[in-house]
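Breakdown of the fold
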Amino acid sequence: MTAAIEHQAELHSKLSLRAVSKHFPSGAHPVHALDRVSLEVGESEFVCLVGPSGCGKSTLLNIIAGLERADEGEVLSDGSPVNSPGRDRMVMFQESALFPWLDVRRNVLFGLRLKPGLTRDERRHVADFYLRLVGLEKFARSYVHELSGGMKQRVALARALAPNPRVLLMDEPFAALDALTREQLYGDLQRIWQQRKKTIVFVTHNVREAACLGDRVILFSRNPGRIREQFQINLPRPRDINSIELARYATEITAALRSHGRDATAEGPA
Amino acid sequence: MSRTLKALIFFAALVAAWALVARARIWSPVLLPSPWSVALYLLGAVRDGTLLEAGLVTLKRLAIGYAAGLSIGLPLGLLTARVRLLQDTLGLLALGLQALPSVCWVPLALLWFGQTEAAMFFVVVMGTVWSVIIATESGIRNVPPIYARAARTMGSRGLHTWVHVMLPAALPFIVGGMKQGWAFAWRSLMAAEIYVTILSGFGLGHLLHYGRELNAMDQVIGIMLVLLAIGLIADKVLFAPWERLLRRRWGTDSK
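Residues numbered from 1 in each chain as written. Chains lettered and ligands numbered in written order. Predicted model: local features only at pLDDT ≥ 70, side-chain atom pairs only at ≥ 80, totals over all residues. Heavy atoms only, no water.

1. Focus on the overall build of chain A
For clarity, the cut-off: Only DSSP runs of H or I with at least four residues qualify as helices, and only runs of E with at least two residues qualify as strands; both kinds are numbered from the N terminus onward. Our radius of gyration is a C-alpha quantity, and the globule rule it is checked against amounts to 2.2 Å times the number of residues to the power 0.38. Only protein chains enter the accessibility calculation, which uses a 1.4 Å probe; a residue whose area is less than 20% of its type maximum is buried, one above 50% is exposed, and one in between is partly exposed. Note on contacts: a residue pair is in contact if any heavy atoms of the two residues lie within 4.5 Å. All accessibility values rest on the Shrake-Rupley procedure with a 1.4 Å probe; residue burial counts only the protein chains present in the view.
In terms of regular secondary structure, chain A is built from eight helices and 10 strands. Expected size for 270 residues packed as a compact globule is a radius of gyration near 18 Å; at 18 Å, chain A falls within 12% of this value. Its C-alpha atoms give chain A principal-axis dimensions of about 55 × 45 × 40 Å. In chain A, which comprises 270 residues, the proportion classed as buried is 56%. Looking at chain A alone, contacts between residues at least 24 apart form 69% of all its contacts between residues at least 6 apart. Carbon and sulfur atoms form 49% of the exposed surface of chain A, whose accessible area is close to 12200 Å².

Structure below.
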C-alpha cells in the first residue's frame, strides 16, 4: 500500500521554491542573500546545495525549515506554504544541537513526545528503532558529552528521523568531523536514505561530499545568491567518495564553481 | 573515601596546632582558649539547650527568607531575560543592589520594621534575591540559540520550550546563582543577628554577640565553629547533589 502511494507521490514535487528572495540589512550595503531562487525537489530525492560561503545556501535551508522568512517568493511543502517549522521538515545542524541534560534516548524522544497520538511504549519503540538504525542502541543511556563527534551527529540524525518527517534538511552536518568518521557517515546516510526514502536537502561546501551523496547537485553563486548550474549525478549506490567516477563529477563541478565566482573556491574562504 | 580521610587528617592537624599554641601560653587564655575549653562550652550549650534553640531560630529564619528570595528571584530573573524593558530597568537595579553588602540593609530594615522577625526576613530576602535574579537572567542569556531552534523544528513552542529547553539548559547558571544567593542570605542573616537583638528569638548571631559582651572567647570561637559547620553541611547537602548531577550530564568535571 505504502509503496503504491509513494510511487504516485513521485509524480508530484515534495518541495517547491518559487522565486525566493532574502536580504539582510547590514549597514550601507544590504546583503542580497538570495535572489529569486526557484527549485523543485521531488519525492525521495537527495539534493545537495553547493556554493561558496555566503552564497545563501544555509539561509535557503532555514527558509525551507521555516526558521526564517523569505522577503519575497514562497516555499511549498507538499503543496502547502511554509510559514513556520513543522514536523514534516526536520533539520540537522552543523553542531549536533543535542541537549546535554538529556541522555541519548531522551534526546531522540524529545521530538516524539511532541508528536500527538503516540503511546509511551510506541515512542520508546520508535526511539530505539532509530538508535539501532544509526548503530547506537548501546549508548541509549549515555550523555552527550560522553560521545564522539561522529556519534553525536548519528544521534542528531536519529533524532531528526524519529518523528518520521517527509523532508530532512541537513546544514553541513559533517563539516566538523574528521575525514574517516565522515566517510563512515556517508555510507550510513546513503543506507538510511535508501531504507527510509526521505527527501533530503543537504547543504555543504564540499563538492566531493555533494557528488557522493546527491542525486542532484545544485551550484550556487554568491552576491546575490543564485542557482548557477545543476548536475545530475548518475552513479549507482552506495557510492564510494574515493571512486574515480565520483572524482570526475567533482572535478567538473569544481571547475564550474571556479568559473562562476571570482573568489569562489570549492572549500570556500577560511 | 581516602579524600574524606585526608580532610579529616587536615582538620585534626589544625586542631592539634591550635592546642599546642594554646598550651604554650603565648597569649592569655582569655584571648586564645584551648580547644578543650571551647569543646566544654559547646557541650554545656548543647546540654542546656541554648545551642539547639538558637540554631533552630537561625535556620528557620534562613530557610524562610531563602525560600522567599528564590521564589521571587527565579521568576523575576526569567522575566528580566525575556523582556527588554525589564532588562534595562530591573536588571540594572539588581546588578547594583547585588554588589551592595547586605548588612547595609539592616539599618533600613530596623527603621521600617523595628526589632521584629519581619526585619530579619527582609534582610535575608534582600541578600538572596538580587544575585538569584542576575544568575537566572545570565543563565537564560547564555543558552546557545541553537537549542531553541532545534526545539522549534521538533514542534516545541512557547511554554514547552521554556520548561523543557531554556530552564534545563540554564540550570548550571541557576544552581550557581542559588548557591551564591544562599551564601549572601547566610551572611546577611548573621550580620543582622549580631547587629540587632530581637526578643522573639535568640539566634546563633546573638550568642556570638553576647560572647563578645561577656568576654567569653570560648563561646565566640565555639559559635564560629558551629556556623562554619552549618555552612559546610548546607553546601554538601543542598548543593553538592545538584552539582554532581550537572557534572554527570554536562561532563564539566574540573578533575
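After presenting the structure, the write-up continues.
2. Some remarks on the domain arrangement of chain B
The figure often quoted for interface size is the accessible area lost as the parts come together. Residues and elements named next belong to chain B. We count it as follows: A domain assignment, automatic or from a database, supplies the domain bounds used here. The buried area of a pairing is the accessible area, by a 1.4 Å probe, that goes missing from both parts when the two are put together, added over both. By definition here, a salt bridge exists when the distance from a side-chain nitrogen of Lys or Arg to a carboxyl oxygen of Asp or Glu is within 4 Å. Side-chain atoms alone can form a polar contact between residues adjacent in sequence; in general such a contact is a pair of N or O atoms within 3.5 Å, and within protein one must be able to donate a hydrogen while the other accepts it.
Taken domain by domain, chain B comprises domain 1 (1-32) and domain 2 (34-250). Taking only C-alpha atoms into account, the centre of domain 1 sits 30 Å from that of domain 2. Between domain 1 and domain 2, the contact holds seven residues from the first and six residues from the second. Together domain 1 and domain 2 conceal approximately 570 Å² of surface at their shared face, both sides included; 80% is due to carbon and sulfur atoms. Looking only at domain 1, the three residues that lose the most surface to domain 2 are Trp18, Val30 and Leu31, adding up to 64% of its buried area. Our count for the contact surface shared by domain 1 and domain 2 stands at zero salt bridges. Where domain 1 meets domain 2, there are zero residue pairs in polar contact (both at pLDDT 80 or more).

3. Looking at the packing of aromatic side chains
All names here are of chain A. Spelled out, the test is: Under the pairing criterion, centres of Phe, Tyr and Trp rings, with the six-membered ring standing for Trp, must be within 6.5 Å; the plane angle then separates stacked pairs below 30 degrees from edge-to-face pairs above 60, leaving the rest tilted. Either the NZ atom of lysine or the CZ atom of arginine qualifies as a charge over a ring when it sits within 6 Å of the ring centre and within 35 degrees of the ring normal.
Counting across every chain of the model gives 18 aromatic pairs over all chains. Ring geometry for Phe99 against Trp101: centres 4.9 Å apart, planes inclined by 10°, an arrangement best described as stacked. In this pair, the class of Phe99 matches that of Trp101, namely buried. In this structure, Arg159 is placed above the aromatic ring of Phe99, and the distance from its NZ or CZ to the ring centre is 5.0 Å. One Lys or Arg, Lys197, reaches over the ring of Trp193 and ends 5.1 Å from the middle of that ring.

4. A word on the domain arrangement of chain A
Residue and element names in this part refer to chain A. Threshold: Note on residue categories: nonpolar means Ala, Val, Leu, Ile, Met, Phe, Trp, Tyr, Cys or Pro, charged means Asp, Glu, Lys or Arg, and polar means any other residue, Gly included.
The domain architecture assigned to chain A consists of domain 1 (2-88 + 168-260) and domain 2 (99-164). The gap between the C-alpha centroids of domain 1 and domain 2 is 25 Å. Of the residues lining the interface, 15 residues belong to domain 1; the matching set on domain 2 comes to 16 residues. Between domain 1 and domain 2 the total buried area reaches about 1300 Å² when both faces are included, carbon and sulfur atoms providing 63% of it. Per-residue buried area on domain 1 facing domain 2 is highest for Arg87, Ile192 and Arg196; these three make up 41% of the total on that side. In this assembly, domain 1 and domain 2 are joined by one salt bridge. One salt bridge in this structure joins Arg154 and Asp188, with 2.5 Å as the shortest N-O distance. For the pair domain 1 and domain 2, the number of links is six residue pairs in polar contact (both at pLDDT 80 or more). When residues of the side of domain 1 that touches domain 2 are traced back to their parent elements, those giving at least two are strand 7 (167-171) and helix 6 (179-196). Per-element accounting of the side of domain 1 that touches domain 2 gives the leading share, nine residues, to helix 6. Tallied by class, residues from the side of domain 1 that touches domain 2 come to seven nonpolar, three polar and five charged.

5. Some words on the pairing of strand 6 (residues 89-92) of chain A
All names here are of chain A. As a reminder, the rule being used: Whether two strands pair depends on DSSP finding at least two bridges between them.
Here strand 6 shows a buried face lined by Arg89 and Val91 and a second buried face lined by Met90 and Met92. Two strands pair when backbone bridges link them, and strand 6 and strand 7 are joined in this way by four bridges, in the parallel orientation. Bridge pairing in strand 7 places Met90 opposite Leu168.

6. What about the side chain of Asp215 of chain A?
All names here are of chain A. With respect to the helices, strands and loops of the structure, Asp215 is situated in the loop between helix 7 (207-213) and strand 9 (216-221). Classification of Asp215 as buried rests on a relative accessible area of 18%. If we skip the residues at most four places from it in the chain, Asp215 touches Ser44, Glu45, Phe46, Trp193, Phe231, Gln232, Ile233, Arg237 and Arg239.

7. Describing the interface of chain A and chain B
Contact residues are listed per partner, giving 23 residues for chain A and 21 residues for chain B. Taken over both partners, the interface formed by chain A and chain B buries close to 2100 Å², and the fraction arising from carbon and sulfur atoms is 65%. Among the residues chain A hides against chain B, the three largest losses belong to Trp101, Phe110 and Tyr143 of chain A. Together they make up 29% of the total. Viewed at the interface, chain B and chain A are joined by zero salt bridges. Taken together, the links from chain A to chain B amount to seven residue pairs in polar contact (both at pLDDT 80 or more). Elements that contribute at least two residues to the side of chain A that touches chain B include exactly strand 6 and helix 3 (104-113) of chain A.

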